[in-house]
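One-letter residues, chain by chain:
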Amino acid sequence: MKMWAGRFREPLDPAFERWQRSFPFDHRLLPEELEASRAYAQALAGVGVLSPEELKAIAGGLDQLEKKAGAEPAWLESAAAEDVHHFVEEQLVALVGEVGYKLHTGRSRNEQIATDLRLFVRQNLDGIRARLAEFVSVFLARARELGPAAMPAYTHGQPAEPVLVAHWLLAYAEMFLRDAERLADCRRRVNVLPLGSGAVAGAPLPLDRAALARRLGFAQISGNSLDATSDRDFELEFLHGLGFIALHLSRWAEEMAIFSTREFGFVRLPEKFSTGSSAMPQKKNPDALELLRAKTGRVVGASLAVSLLLKGLPLAYNKDLQEGQEPLFEATDTVGESLAIATGFLRAVSFDTERMQAAACSGFLNATAAAGYLVRRGVPFRRAHAAIGQAVLHCLETGKTLESLSLEELRRFSPEFEPEVYAGLTLEAVLASHDVAGGTAPGRVKAALAEAEKRLAALRKELDAHA
Ligand code: ARG
């Protein structure tokens, strides 16, 4: 029977009945629903609505439901409940009898779903942060392993200056650490208890909401019942956080795919994360990277869907809010799985450091350093830039490199060149010249790696505290 059948004379149109149900997807909130219901039963006992025996019966029934759902997952697929709240009530009454109906005293599904979703987001937010920590740890391990190897850095997709491969890897570690920190910030606003808000105006019982919050591990209680029952900002913030992760994954995947082309040859695709072609026998395709790149659409699409359902929504609870659940679940699952695949890929991929290093030694990547040499000799930068630009043009015409020009040739472009210039044009010298915090000089990269390790350790420590 529907929870609200009393007021109705006619049954629902069968197609509408099926269409408005959320149980087919919100059954995954069963653990959260049971946890919140247990805490709520205690709050009811606290105000005398449930006797100690009734509390015991209800709590026992909720435990049994949890066990049965764990043992028979198919049970949830087949049940015809309207939503997870309806399901729990029906099943509880089937187990413990009429007393089960007392659990809904002073309570509304509006605050229940808000509570369940906050519990779900809090838990998954920590789960995603743990996956980010794992992914970042692989970036750091690979950075440590590749030590002194260099590669070109690109701007506008054109070779710009050499950097350490570790410096490039640490750029992604920065992004994903930032993502973990963004979620930690979001967590503070997720971790607020709505229960006790009733349907819209506050529960009609003097519930001890602080005790409820403590029991459910919430750091605060919501301050306004209208807002608390209809607020999904926490969900949208989480989705935005997931969107950032998906965007960063797509940037990384795209760059890895480019670097795996025969033309670049910087990375060799791991067979366990690649596929072949049914038509072209020679192919090994970067499917993992392509899918990671493509998943961004779903995840950013989810936050767009929730933004749009919130737009113009009057206070307080409206059924529109139910539509936010599927995007939330989909984006959570997609990002969790994507991070796991990306982590496995990064562990398995091999870097052709010889090719990377060779690319770092060609393409005039020492031109900026050569201009810097002239600047140190007192030449104004713009003049130095022009002189080296002309030298590069000369090299392009004659098939030479800057460091292979004789001193005499160099002096045609600026009289300031002295024999020490050559020492400043080697790859090592160019790398070492970027000796500034955040730069690619090997000492700075080592320090950045140590700093990233500290941030990762702090993240893991914080996650352990929540676990
Ligand atoms: N399934 C509903 C949702 O997800 C639960 C709340 C329903 N509340 C109501 N008054 N119909 O939003």
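For the structure itself, consult the block above.
What comes next is a walk through the structure. (Residues numbered from 1 in each chain as written. Predicted model: local features only at pLDDT ≥ 70, side-chain atom pairs only at ≥ 80, totals over all residues. Heavy atoms only, no water.)

1. Overview of the overall build of the protein
Thought 1: Counting secondary structure elements, the protein contains 19 helices and six strands.
Thought 2: Its C-alpha atoms give the protein a radius of gyration of 30 Å, clearly above 23 Å, the size a compact globule of 467 residues would have.
Thought 3: Taking the contacts inside the protein whose residues are at least 6 apart along the sequence as the reference set, 76% of them involve residues at least 24 apart.
Thought 4: Just so you have it, the protein exposes about 22,600 Å², and 55% of that area is on carbon and sulfur atoms.
Thought 5: Here the protein carries 54 positive and 61 negative side-chain charges, and the mean point of each set is 2 Å from the other. (Helix = DSSP H or I, 4+ residues; strand = E, 2+ residues; numbered from the N terminus. Rg over C-alpha atoms; globule rule 2.2 N^0.38 Å. Contact = heavy atoms within 4.5 Å. Areas by Shrake-Rupley, 256 points an atom, 1.4 Å probe, with all protein chains shown as cover. Lys, Arg positive; Asp, Glu negative; His and termini not counted. Charge placed at Lys NZ, Arg CZ, Asp CG, Glu CD.)

2. What about the pattern of salt bridges?
Thought 1: This structure, assessed with the given rule, holds 32 salt bridges.
Thought 2: When the shortest N-O distance is used, the salt bridge between Arg232 and Glu235 registers 3.9 Å.
Thought 3: Linking Glu451 and Lys454 is a salt bridge whose minimum nitrogen-to-oxygen distance equals 3.7 Å. Note that Glu451 and Lys454 are positioned in helix α19 (residues 442–466) at a spacing of three residues, about one turn of the helix.
Thought 4: According to the relative accessible area criterion, Glu451 is partly exposed, its value standing at 41%.
Thought 5: On the basis of relative accessibility, which here comes to 58%, the residue Lys454 falls in the exposed class.
Thought 6: Look at the salt bridges and you will find they share partners, linking Lys2, Glu17, Glu82, Asp83 and Arg109 into a network. (Salt bridge = Lys/Arg side-chain N within 4 Å of Asp/Glu carboxyl O. Buried < 20%, exposed > 50% of the residue type's maximum accessible area, 1.4 Å probe, protein only.)

3. Some words on the packing of helix α7 (residues 109–146) against helix α8 (residues 165–190)
Thought 1: Where α7 contacts α8, the two axes come as close as 9 Å, and the packing angle between them is 165°. When the axis of α7 is compared with that of α8, the two are roughly antiparallel. Every pair of crossing elements has a handedness; the one defined by α7 and α8 is left-handed.
Thought 2: Here the residues of the contact of α7 with α8 are counted per class, giving 23 nonpolar, no polar and eight charged. (Axes fitted to C-alpha atoms, helices over the stretch in contact; angles between N-to-C directions. Parallel < 35°, antiparallel > 145°, perpendicular 65-115°, else oblique. Left-handed = near helix turned anticlockwise from the far one by under 90°. Nonpolar A, V, L, I, M, F, W, Y, C, P; charged D, E, K, R; others polar.)

4. Considering the site of the ligand
Thought 1: The environment of the ligand is formed by Ser22, Asp83, His85, Arg109, Asn110, Ile113, Tyr317, Gln322 and Gln325.
Thought 2: Asp83 is positioned with one of its side-chain polar atoms (N or O) 3.4 Å from a nitrogen atom of the ligand.
Thought 3: At a separation of 2.8 Å, a nitrogen atom of the ligand approaches a polar side-chain atom of Gln322.
Thought 4: For the ligand, whose accessible area on its own is 340 Å², the fraction buried by protein is 86%.
Thought 5: Considering each element in turn, the shell around the ligand owes the most residues, three residues, to α7.
Thought 6: When its residues are assigned to classes, the shell around the ligand shows two nonpolar, five polar and two charged. (Near = heavy atom within 4 Å. Polar contact = N/O pair within 3.5 Å; in protein donor to acceptor, adjacent residues only side chain to side chain.)

5. So, helix α12 (residues 287–310)
Thought 1: For α12, built from 24 residues, the straight-helix expectation of 34 Å at 1.5 Å per residue is met to within 8% by its first-to-last C-alpha distance of 35 Å.
Thought 2: When α12 is considered as a whole, its buried residues turn out to be Ala288, Leu289, Leu292, Thr296, Val299, Ala302, Ser303, Val306, Leu309 and Leu310.
Thought 3: Immediately downstream of α12, the backbone of Gly312 shows phi near 70°, a positive value. (Expected span 1.5 Å × (residues − 1).)

6. Regarding the pairing of strand β2 (residues 158–164)
Thought 1: Looking at chain direction, strand β1 (residues 150–155) and β2 are connected through six bridges and run antiparallel. Considered in β2, the bridge of Pro152 is made with Pro162.
Thought 2: Counting the residues in the hairpin turn of β1 and β2 gives two residues, including His156, whose phi is positive at 55°. (Pairing = 2+ DSSP bridges.)

7. A look at the environment of Gly198
Thought 1: Among the secondary structure elements, Gly198 is positioned in the loop between β3 (192–193) and α9 (209–216).
Thought 2: The spatial distance from the C-alpha of Gly198 to the C-alpha of Leu226 is 9.2 Å, given a sequence separation of 28 residues.
Thought 3: Every residue in contact with Gly198, bar those within four places of it in the chain, is listed here: Gly106, Ser108, Glu111, Ala203 and Thr229.

8. Describing the nonpolar core
Thought 1: Counting 82 residues, the largest nonpolar core has Ile245 and Trp252 as the members making the most contacts within it.
Thought 2: Examining the composition of this core, we find that 15 residues originate from one element, α7, more than from any other.
Thought 3: Counting 34 residues, the second largest nonpolar core, distinct from the first, contains Leu30, Val84, Leu103 and Phe218. (Core = buried A, V, L, I, M, F, W, Y, C linked by side-chain atoms within 4.5 Å.)

9. Structural notes on the packing of aromatic side chains
Thought 1: The final tally for this structure, using the stated rule, is 22 aromatic pairs.
Thought 2: The ring of Phe8 has Arg7 sitting right over it, with the charged end atom 5.7 Å from the ring centre.
Thought 3: Sitting over the ring of Trp75, Lys68 keeps its end group 4.3 Å from the ring centre. (Phe/Tyr/Trp six-rings, centres within 6.5 Å; stacked < 30°, edge-to-face > 60°. Lys NZ or Arg CZ within 6 Å of the ring centre and 35° of its normal.)

10. Quick word on unusual backbone geometry
Thought 1: A cis amide bond, omega -5°, links Leu315 with the succeeding residue Ala316.
Thought 2: The topology assignment puts Ala316 in the loop between α12 and α13 (325–348).
Thought 3: In the Ramachandran plot, His156 falls in the positive-phi region, its phi being about 55° despite a non-glycine side chain.
Thought 4: Tracing the chain through its elements places His156 in the loop between β1 and β2.

11. Details of empty space enclosed by the protein
Thought 1: Applying the stated criterion across every chain yields a total of two cavities of 30 Å³ or more.
Thought 2: There is about 60 Å³ of room inside the largest cavity.
Thought 3: Contributing to the lining of the largest cavity are Met3, His85, Val88, Glu89, Leu92, Gly100, Leu103, His104, Arg107 and Gln112.
Thought 4: There is about 30 Å³ of room inside the second largest cavity.
Thought 5: Taken together, Ala246, Leu249, Leu292, Lys295, Thr296, Val299, Thr334, Val335 and Ser338 make up the lining of the second largest cavity.
Thought 6: Take the lining of the second largest cavity: its biggest share by element is four residues, from α12.
Thought 7: Considering only residue class, the lining of the second largest cavity consists of five nonpolar, three polar and one charged. (1 Å grid on protein atoms, 1.4 Å probe; cavity = no way out; pocket = protein on both sides within 12 Å on 5 of 7 lines; lining within 4 Å. Points joined across faces, edges and corners; volume = space filled by probe spheres on them.)

12. Here's the deal with the side chain of Arg187
Thought 1: Its location among the elements puts Arg187 in helix α8.
Thought 2: Classification of Arg187 as buried rests on a relative accessible area of 10%.
Thought 3: Leaving out residues up to four positions away in the same chain, Arg187 has contacts with Arg122, Leu125, Asp126, Arg129 and His466.

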